[in-house]
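Coordinates in review
Each chain, letter by letter, is given below.
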Amino acid sequence: MYLNCHSYYSLRFGTFSEVELLEMAASYGLTSLALTDINNTSACLNFIRKSKDFGIKPIVGIDFRNGTKQKFVGIAKNNEGFYELNSFLSRYSHDKLTIPNIAPEFEYAFIIYPLEQVMQMEKTTFKTYEYIGISIEDLKRLPFTIYKSYTDKLVVQQQVTIRSKRDFNAHRLLRAIDNNILLSKLSKSEECRETDKMHALDELKEHFQQFDFILDNTEQLLEQCTMHFEFGNDRISQNQSLYLESEEADFKLLKELCDKGLPKRYANPSQKVKDRLQIELKTIREMSFVSYFLINWDIVNYSKQKGFVHVGRGSGANSIVAYLIGITDVDPIELDLYFERFINPYRTSPPDFDIDFSWKEREEITEYIFSRFKNVALLAVYNTFKYRAVVRELGKVFGLPKEEIDKISVGRYQKPELDEFGALVIKYGKLIQGFPNYVSVHSCGILILDKPIHYFSATDMPPKGFPTVQFDMIIAEDVGIFKFDILGQRGLAKIKDTLEIIKYNRPEVPPIDITEVEKFKRDPKVNALLKGGKATGAYYVESPAMRGLMQKLQTQDYLGLVAASSIIRPGVSSSGMKQEFIKRQRHPERRKEGHPILLEIMPETYGIMVYQEDVLKVANQFAGLTLGEADVLRRGMSGKFRSRAEFTAVEEKFIANCRARGYDDHLTFEVWNQIKSFAGYAFAKGHSASYAVESYQSLYLKCYYPLEFMVAVLNNGGGFYSTEHYVHEAMQCGGQVEAPCINHSDHPNIIIGDTIYLGLGYLKNLEHYTVKRLLTERNFNGAYTSLDDFIDRVLISIEQLTILIRIGAFRFTGIAKAELLWQAIFKLNASKQQTVQKQLFKPDHKTFVLPKLPSSWIEDAYDQMELLGFTLYDYFRLIDEPFKNSIKAKDMCNHIGQSVLLYGKLVNTRFHEASNEKLMRFCTFVDQQGDYFDTVHFHDTVERYPIHGMGVYECYGKVIEEFGFCSIEIIKTRKLALKPDPRLN
C-alpha cells in the first residue's frame, strides 16, 4: 500500500536505513512495499536482498524531484522498468537538467503524480501507466476536486519519511545542514510533513474507507510489479562474460597468449611449470573466469603499447597464467605461491587483480577502458556523517559560537555546562552519526558488465567525468558485480621519469629494460642497499620502520624482501610474529622451536604465519577445515563479509577440529589468536611479491643512477619524507643542488650533469603565469644576460621580481642580491611597463651608483627557508651555540647500554599509543655526516621534552640494540637555537 517510501539514502532528507524501513513495514503487517528514494537508487539492491528476511515483496522506484519539489514518483514494474527509470534519472543527472513536470513515456514503469502537482498542472488526461497519488491529508480536499471522479487513476501515495517526532526533528536538522542555514531560517517548503509516516494496514484502510477503490487500485498496481535479482550463493556473475565472440574463442586466445609468453618467462620450462599451467587453464575455464583474465590483459597490453609502466598486484599474482600473459611480473613457481588463495572451487567471485599505473597515466587508462568496453561505470563509496563533523554542522545550524562547537566536538565539556542547544547537538549528533552524507567515487573500482549499467543503478557524473553508480562494493558483490581495480601511484611515475631523465642527462647509457627484474634481484650492489637500509626514495622500503627492519633481518635478497613487506604490516607485527620471525631468521637454531606441523606447512617462514595464504594452509592442513571454510577466515580477516555468524561458526569448527586432532588448547588458541591478529592487515604473498618487484626496480635505479632517480622522486611529490630530506639525500648521493635559476631551472627540477637545479615551482608565492612567461621567453629567445635584459623581455611586477632576486635566481650576474633589489626597484619604476607587447627597440637603462651593501650566507639561508621552505646550506652551520662532546650515528653500536649525546636534524616523527594507552614517540634524525639515527621517547619524555618541529636537537639517551640495529632511548632532548636572522637588523 506504500508507493513512496524514503530511506536515509534520500540524502539529507530521509531518517532511517532501508533495513529499518523493512522492519517497520513487517511490524505493521505489510506484505509489499516500494522504496522510492529521492533522485537516488543507492539502497534499492540491498532493499531487494533483505526483503526476503522480512517476508515482504520488494518494489523499487525513484522519487523524482527538483530540490524538495516533487514532480512524480516512478515505480518499476520489473527489471526493465528499473532500467528505464535509472536511464531517465541518469540523463538528467549527467547534464544537470531540471526534472520536467510530465514524465516521458515508459513501457515498464508506472508514474504517480501527487494530487497537488496534478492540480497545479490542471492535468486532465492520463496515459495507462499514469496515476494520481492521494495521501491521508489529501483526502480532506479530494471531494472538492474534479479528480474524485477519476476512480481508476487514484492510488495511495502516503509518503513515508519519518517514524516519530524525533525523526522529524532530525529531518529538519538535515535539511538545515543541506541548505547551510540556521534552523530558525528553514522554510516549510524544505521539510516533509509531520504526517509523512507509515500506518498499520487497518489504520490505513480506516482512513480510506470512503474511497476503498483507491486501496483496490493500489493493490492492483503493486500486484503488477515484480523485481528479480540473485544474491549471495544464488548470484551469477554480471561482469562481461565474453571478450571475443564465444567462450571457445576466448579460451583459444588465452591459451595462445600463454604459449607465446612461456618461452619469455621460462627459457627451459620444467614439468612443474607445464603442469601448473594446465591446471590453472582448466580451472579458469571451468569457473568461467577466462574473459576476466582477457579484459585485464587487454588493459595492461594497451598500457604497454603506450610505453606505460604497471604493476599487477593482488591475489592474481599467485597465477602462472597472469605471469605468462604479462598482467603480473611475479613468478609463482619461484615463490611457491598458493594457487588456491587465488582460485579455488569454493570461490564464486573472480580473483583480485590490483593493477597499478603511474598517477599521471591512470586517467588515460580509465578513458581507454570506457572507450574500449560497452557497459562501464565507476564504483561508488558512501561518505557518512562522522560524529565530530556532524556536531560541527549541528552547532552551526543552532547558531552556537565557534568556541562552544569546538568544545563539544572534541568532548571537552561537562553536562551541567551545556545549554539546551548544546544538549540537542549531542543528542542529534549521535542519531545522525553514520547516516550517508554523500556518494563519492571509489578509489579504484571500475565495473565492466554484460548488461547496461542502468539495469542495476542510476549513475551520477562527478567531476572525474565518468559515469558512477550509486552503490558500493559490498552491495555490488552481493548481486554478482565484481570490480576491476585500476589504481594510480607515484612509485611507478618515479621509475618512468627516472628513465626519461637518464635519456637526456646520460645519453651514453644504453636503453634500460626496467622489466629485467631477475637481473636486479641478483645484483649484489642493489641488495647491499637493502641490507644497509639505504633505500630512501625507493617504493615501499624507504620508511624508518622498513629501513630498521631491513637491517634487523639483514635482508639481502628478493625472498627476504617479500617476507619483510608482509611482516611489517600491523597484523603480523602486533601479534609478536614479527619479532619471532626476526629471531628465527637471525638465529637458525631457534627455528626448531616451531611446532613440527607448522614448520612442515610453512618451511620458508620458519613455521610462522606471514601471508594470507598461510591462514588457508593452516586452517586446511593444521585444523582440517575445507578450503571453502578456510576462505571464510581469509575474507573475514580482510573485512569482506557481511555476517559475523558465518565467521563465528568457522571459528568454533576450527577449535573443535583441533581438539579432535589431539592438540592441547594452549597450542590451538595460540594459532587461532595468530590468525585473528591478522585483522585485515596481512598481505597475500603475491601482493608482497609484487611490491617487492617494484621496490627492486626503484632500488636498481637508485643504485646506478642515484641523482636522476632523486630528481624523479622530487618531481613526483617525494614519498614518505619531506622535500627537504630528499634534497638532502640527493646531496648525499653526490649531487650539487642549486637554488632556482632563471637560466637553468624549469618548473620541475632538472639535472645537468651532477648539478640539480630546483624547480621554479618550489618558490612560494611565485605566480604560475610569471613562471610561464619567464620560460616561454627563454625557450624562444635564449638565456637572459642581465637583470636589464630580463626586465626588457619579461613583464613582471616588483613583488614577483623580488622573489626571484632573493632566491638568487640572478646569481650568474655576480651582483649582490641587495644591489639587484635596489636596481630592480629603480628600473621597474622608470620603465613603467604596462603591456606584454614586444618592444621594437630596447630601452636605455640608467645606471645607478649604489653604496656597498653587505650580505651573508646566513641571509641567503633565511631567504631560502622563507621562499622554499628549507635551506640548501648545512643546517648545522646555522646553530648559534657550541656543540658539546658527542658521538656520531655510525659509532652508536660501540656504546650499547651507555648513555650518549648525539646531535641530529629532525627528519621524521610520529606518535604511537602503547598498550597501556600512554603516548610514545618515534623520531628519525640525521647527524652532521648525514647518517640516520632513530630515537624512542617514552611517555614521560614525550611530555617533558617535546619535539617542536624541524630543527637540530641535542639528543641524550641510552643506546639500545635489537638484532644488530641500534637506536637511542631518549632521556632528554633540547632544540638548539639558530643564528639570528640578519634581515631583521
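Residues numbered from 1 in each chain as written. Predicted model: local features only at pLDDT ≥ 70, side-chain atom pairs only at ≥ 80, totals over all residues. Heavy atoms only, no water.

Below, the discussion takes up the packing of helix 22 (residues 558-567) against helix 30 (residues 685-704). For the pair helix 22 and helix 30, interaxial distance at closest approach is 8 Å and the crossing angle is 120°. One element, helix 22, and the other, helix 30, form an angle in the oblique class. The way helix 22 lies across helix 30 gives a crossing that is right-handed. Contacts between helix 22 and helix 30 involve Tyr558, Leu561, Val562, Ser565 and Ser566 from the former and Lys685, Ser688, Ala689, Ala692, Val693, Ser695 and Tyr696 from the latter. Residues that form the contact of helix 22 with helix 30 fall into these classes: seven nonpolar, four polar and one charged. (Axes fitted to C-alpha atoms, helices over the stretch in contact; angles between N-to-C directions. Helix = DSSP H or I, 4+ residues; strand = E, 2+ residues; numbered from the N terminus. Parallel < 35°, antiparallel > 145°, perpendicular 65-115°, else oblique. Left-handed = near helix turned anticlockwise from the far one by under 90°. Contact = heavy atoms within 4.5 Å. Nonpolar A, V, L, I, M, F, W, Y, C, P; charged D, E, K, R; others polar.)

We now examine a negative patch on the surface. Taken together, the side chains of Asp212, Asp216, Glu219 and Glu223 define an acidic patch exposed on the protein surface. Along the polypeptide, Asp212 turns up in helix 7 (residues 212-223). Judged by relative accessible area, Asp212 falls into the partly exposed class, the value being 46%. (Patch = residues over 30% accessible without salt bridge, like charges linked within 9 Å, V, L, I, M, F, W, Y side chains within 5 Å. Areas by Shrake-Rupley, 256 points an atom, 1.4 Å probe, with all protein chains shown as cover. Salt bridge = Lys/Arg side-chain N within 4 Å of Asp/Glu carboxyl O. Lys, Arg positive; Asp, Glu negative; His and termini not counted. Charge placed at Lys NZ, Arg CZ, Asp CG, Glu CD. Buried < 20%, exposed > 50% of the residue type's maximum accessible area, 1.4 Å probe, protein only.)

Relative to the helices and strands, Lys979 is located in the segment after strand 21 (965-975). Along the chain, Lys979 and Ser409 lie 570 residues apart, while their C-alpha atoms are 41 Å from each other. Those residues within four positions of Lys979 in sequence are excluded, and the remaining contacts are Trp857, Ile858, Tyr862, Arg877, Leu878, Ile879 and Asp880.

Attention now moves to the nonpolar core. Counting residues in hydrophobic clusters, the biggest one holds 119 residues, and the most contacted among them are Phe622, Phe654, Phe790, Leu801, Leu804 and Phe810. Beyond its immediate sequence surroundings of up to four residues, Leu801 is in contact with Leu787, Phe790, Ile791, Ile796, Phe810, Ala824 and Leu828. Of all hydrophobic cores here, the second largest spans 107 residues; its members include Cys5, Ile132, Tyr150 and Leu449. (Core = buried A, V, L, I, M, F, W, Y, C linked by side-chain atoms within 4.5 Å.)

What follows deals with the state of the cysteines. On inspection of all chains with the given rule, the structure shows one disulfide. The disulfide partner of Cys893 is Cys966, and the gap between their sulfur atoms is 2.3 Å. As the torsion about the S-S bond is roughly 125°, the Cys893-Cys966 disulfide counts as right-handed. Note that Cys893 is positioned in the loop between helix 37 (857-867) and strand 17 (899-913) and Cys966 in strand 21, a separation of 73 residues in sequence. Not part of a disulfide, Cys955 finds its nearest cysteine sulfur in Cys923, a span of 7.7 Å. (Disulfide = S-S within 2.5 Å.)

Now for the packing of helix 5 (residues 165-179) against helix 14 (residues 387-397). Two elements in contact, helix 5 and helix 14, have axes separated by 10 Å at closest approach and are oriented at 90°. When the interaxial angle is binned, helix 5 and helix 14 end up roughly perpendicular. In this structure, helix 5 uses Leu173, Ala176 and Ile177 to contact helix 14, whose residues at the interface are Glu393, Leu394 and Val397. Among the residues making up the contact of helix 5 with helix 14, the classes are represented as five nonpolar, no polar and one charged.

Here the focus is helix 33 (residues 768-781). With 14 residues, helix 33 ought to run about 20 Å at 1.5 Å a step, and its terminal C-alpha atoms sit 20 Å apart, in line with that. Every buried residue belonging to helix 33 is among Thr770, Val771, Leu774, Leu775, Glu777 and Arg778, and all of these are buried. Projected down its long axis, helix 33 shows its buried positions confined to an angular sector of 165°, all on one face. Every exposed residue of helix 33 that faces more than 90 degrees away from the buried side is listed here: His768, Tyr769, Asn779 and Phe780. Looking at the buried residues of helix 33, the elements they touch are helix 34 (787-793) and helix 35 (798-806). Residue Gly782 follows helix 33 closely and has a positive phi angle near 90°. (Expected span 1.5 Å × (residues − 1). Arc of directions from axis to C-beta.)

Scanning all chains against the criterion turns up 60 salt bridges. The salt bridge partner of Lys817 is Asp860, with a shortest N-O separation of 2.8 Å. In this pair, Lys817 is assigned in helix 36 (residues 817-831) and Asp860 in helix 37, connecting sequence segments 43 residues apart. The exposure class assigned to Asp860 is partly exposed, which follows from its relative accessible area of 22%. For the salt bridge of Asp981 with Arg983, the shortest nitrogen-to-oxygen distance reads 2.8 Å. The buried category is assigned to Asp981, whose relative accessible area is 11%. Using a relative accessible area of 31% as the deciding quantity, one classes Arg983 as partly exposed. Here the salt bridges share partners, and the residues they tie into one network are Arg806, Lys817, Asp860, Asp863, Glu866, Asp981 and Arg983.

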